[in-house]
Amino acid sequence: MKKTITIFLLLFSGLFACTSAIISGKATPDGRPLLWKHRDTGSLENKLVFITESGFDFLGVANATDLKSEEIWMGMNEKGFAIMNTASYNINEGLSLDIERDQEGIFMRQALESCANLHDFELMLDRTSGKRGIDANFGVIDARGNAAFYETGFYEHTKFDVNDPEIAPEGYLIRTNFSFTGKGDKGVGYIRYDATSALFAKQNEFTPEFIMKEATRNMDHGLLINDIGNTKLPKDLGDVKMLDFQDYIIRYYSASVLVVQGTQPGEDPGNAVLWTILGFPMTTMVTPVFFSKEIDLPQVLTTQSTDAPFLSAASIALKDEFFPVKFDDKKNYIDVSKIKNRKKTGYMQRVMKAEDLIIEKARHVMESRSKDSIENYYKWLDQYIYDFYAPIIPTEKLKYDLPRCAVE
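Please read these numbers as outputs of a predicted model, since none were measured by experiment.

**Student:** Would you mind showing me how to read the sheet that holds strand β7 (residues 136-141) here?
**Tutor:** What holds strands together in a sheet is hydrogen bonding between their backbones, with the strands either parallel or antiparallel. Strand order in the open sheet formed by seven strands is β3-β4-β5-β6-β7-β8-β9, and the pairing between neighbours is antiparallel. The open sheet terminates on both sides in strands that have one partner only, identified here as β3 (46-51) and β9 (157-161). If you compare each strand with its neighbour and ignore which way they point, the axes differ by 20° on average. Of the strand pairs in this sheet, strand β6 (residues 82-87) and β7 are connected by six bridges, and their pairing is antiparallel. Among the inter-strand pairings, Met84 is bridged to a residue of β7, identified as Gly139. Sitting on the sheet, helix α3 (residues 118-127) is in contact with β6, β7, β8 (147-152) and β9, with an inclination near 10° to β8.

Now the structure itself:
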């Protein structure tokens, strides 16, 4: 399903774009499906929320400025239903609708509150035809092992079943910012689609670690021979090496990442794990969290005000070091030495090394899933993240300090 790249696509690159995939349990070592969204948006300060006020309880990602979390951009509910989206820029070509557009966040919150499985979601799509301002590819999994993309416009939707070997012969589907049912010479994200497809094609089995460490931080370019990982790296942090930074998976506007690691059919939906990256993926560690209404989420991932959570704020403050150009369009020029260098002092190198311990501890918690083990892990996580960022980010760049925690 590889798309031909045209000059038009090179000239028109979607500003707020996303990269995503659904991986069937048939392609994972433990039989659990994976739902991945790499979110690019103008709302760079994201937070994790647990909502219990109406319908099904759910855990999701929202904008920090959205005090009531009226829009959810990816998440999972108590029934094991999980959803995310990528904007599609070619699905409603030639159509008009006399209602407000860009309703995807509101729509996904409603789905998390009311849908227990894919069947419920399909009924919701049928019920809202002609009443929704939607241009999106929705990715959905449920506790029954079902997994599908729904290319969704104002009136129509088309289902792509990830468990159907004719549709997804390798057990996965990828979407960026075009729909295969949309107009072929429109839309964006073809370059990111090709880069992700090439990476996935080399992979024998899919894990959350692969998605977080390799797919979401993929440094290969889908069109140019400009793969950051294959270039001669700068010597150290002071050896500035500028790179034209467009159409990579990570972008200046990358704000958060979520991988929902679902459950096997018949398993308790509460055993699902949400692997999050809250902030710029080059400067934020992976922070797996568990679905439990009885345990408060880690402080570094949440906020009670419109200020960003600690981890998001720290990530954005550190991200400024990557984009030193103060003229023209700064977001298109990145200093490679801050990503990685031969002395291994690049910020992404340090972040990825530090997060290995988080993943190790989270894996241990997955084995017991006891209330005490989750609470202790969250306390440790708060302290560990604070201790990592505090020495390398000037205090004036952060809006607040995280209170130091008493770790048991």
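So, next bit.
**Student:** Just to check I follow, could you spell out empty space enclosed by the protein for this structure?
**Tutor:** Using a probe with the size of a water molecule, rolled over the atoms, empty space left in the structure can be pinpointed. Considering all chains together, one arrives at three cavities of 30 Å³ or more under this definition. Looking at the second largest cavity, its volume works out to about 40 Å³. If you go around the second largest cavity, the residues you meet are Met76, Gly80, Ile141, Asp142, Ala143, Val260, Gly262, Thr263, Pro269 and Ala272. Looking at the lining of the second largest cavity residue by residue, the class counts come to six nonpolar, three polar and one charged.

**Student:** Could you clarify how one ought to interpret the nonpolar core in this entry?
**Tutor:** Where a protein is soluble and globular, its nonpolar side chains tend to be buried together. Core analysis: the biggest nonpolar cluster contains 97 residues, and Phe200, Ile211, Met282, Tyr377, Ile385 and Tyr389 have the highest contact counts within it. The element contributing the most residues to this core is helix α8 (residues 347-368), with ten residues. Among all residues touching Tyr377, those that are not within four sequence positions of it are Thr287, Pro288, Phe290, Ile358, Lys361, Ala362 and Val365. Core analysis: the next-biggest nonpolar cluster, separate from the first, contains 23 residues, Met124, Ile134, Phe138 and Val140 among them.

**Student:** What exactly am I supposed to notice about the packing of aromatic side chains here?
**Tutor:** The relative placement of two aromatic rings is captured by the distance of their centres and the angle of their planes. Across all of its chains, the model carries 29 aromatic pairs by this definition. Seen from their ring centres, Phe178 and Tyr193 are 5.5 Å apart, and the 65° between their planes marks the pair as edge-to-face. With Phe178 in the loop between β10 (172-175) and α4 (190-201) and Tyr193 in helix α4, this pair connects stretches of sequence that are 15 residues apart. On the numbers, 5.3 Å between centres and 20° between planes, the contact of Phe245 with Tyr248 is stacked. Taking the ring centre of Tyr252 as reference, the NZ or CZ of Lys319 above it sits at 3.9 Å.

**Student:** Explanation requested: the pattern of salt bridges in the structure shown.
**Tutor:** Tallied over the full model, the rule gives 17 salt bridges. A salt bridge links Lys159 to Glu122; the nearest nitrogen and oxygen atoms lie 2.9 Å apart. Of this pair, Lys159 sits in strand β9 while Glu122 sits in helix α3, and the two are 37 residues apart along the sequence. When its relative accessible area of 21% is taken as the criterion, Glu122 is described as partly exposed.

**Student:** Would you explain the sheet that holds strand β12 (residues 254-261) in this entry?
**Tutor:** Within the open sheet, the six strands sit side by side as β10-β1-β2-β12-β13-β14. Their pairing is antiparallel. Bordering the open sheet on either side are β10 and β14 (287-290), each of which pairs with just one other strand. In this sheet, adjacent strand axes meet at a mean angle of 15° when their direction is disregarded.

**Student:** Please clarify how α3 should be interpreted in this entry.
**Tutor:** The periodicity of an α-helix, 3.6 residues per turn, causes residues three or four positions apart to be oriented the same way. Every buried residue of α3 is listed here: Leu118, Phe121, Met124 and Leu125. Relative to the axis of α3, the buried residues are bounded by an arc of 115° and lie together on one face. Away from its buried face, by an angle of more than 90 degrees, α3 presents the exposed residues Asp126 and Arg127. Of the residues that open α3, the one with a side-chain oxygen 3.1 Å from the backbone nitrogen of His119 is Asn117.

**Student:** Help me understand unusual backbone geometry in this model?
**Tutor:** Glycine aside, the phi torsion of most residues is negative, and most peptide linkages are trans. One non-glycine residue with positive phi stands out, namely Asp247, at about 65°. Of note, Asp247 is situated in the loop between β11 (242-244) and β12. Exposure remark for Asp247: the relative accessible area of 14% places this residue in the buried category. The backbone of Arg369 sits at a positive phi, close to 55°, despite the residue not being glycine.

About the thresholds
- Residues numbered from 1 in each chain as written.
- Predicted model: local features only at pLDDT ≥ 70, side-chain atom pairs only at ≥ 80, totals over all residues.
- Heavy atoms only, no water.
- Pairing = 2+ DSSP bridges.
- Helix = DSSP H or I, 4+ residues; strand = E, 2+ residues; numbered from the N terminus.
- Axes fitted to C-alpha atoms, helices over the stretch in contact; angles between N-to-C directions.
- Contact = heavy atoms within 4.5 Å.
- 1 Å grid on protein atoms, 1.4 Å probe; cavity = no way out; pocket = protein on both sides within 12 Å on 5 of 7 lines; lining within 4 Å.
- Points joined across faces, edges and corners; volume = space filled by probe spheres on them.
- Nonpolar A, V, L, I, M, F, W, Y, C, P; charged D, E, K, R; others polar.
- Core = buried A, V, L, I, M, F, W, Y, C linked by side-chain atoms within 4.5 Å.
- Buried < 20%, exposed > 50% of the residue type's maximum accessible area, 1.4 Å probe, protein only.
- Phe/Tyr/Trp six-rings, centres within 6.5 Å; stacked < 30°, edge-to-face > 60°.
- Lys NZ or Arg CZ within 6 Å of the ring centre and 35° of its normal.
- Salt bridge = Lys/Arg side-chain N within 4 Å of Asp/Glu carboxyl O.
- Arc of directions from axis to C-beta.
- Polar contact = N/O pair within 3.5 Å; in protein donor to acceptor, adjacent residues only side chain to side chain.

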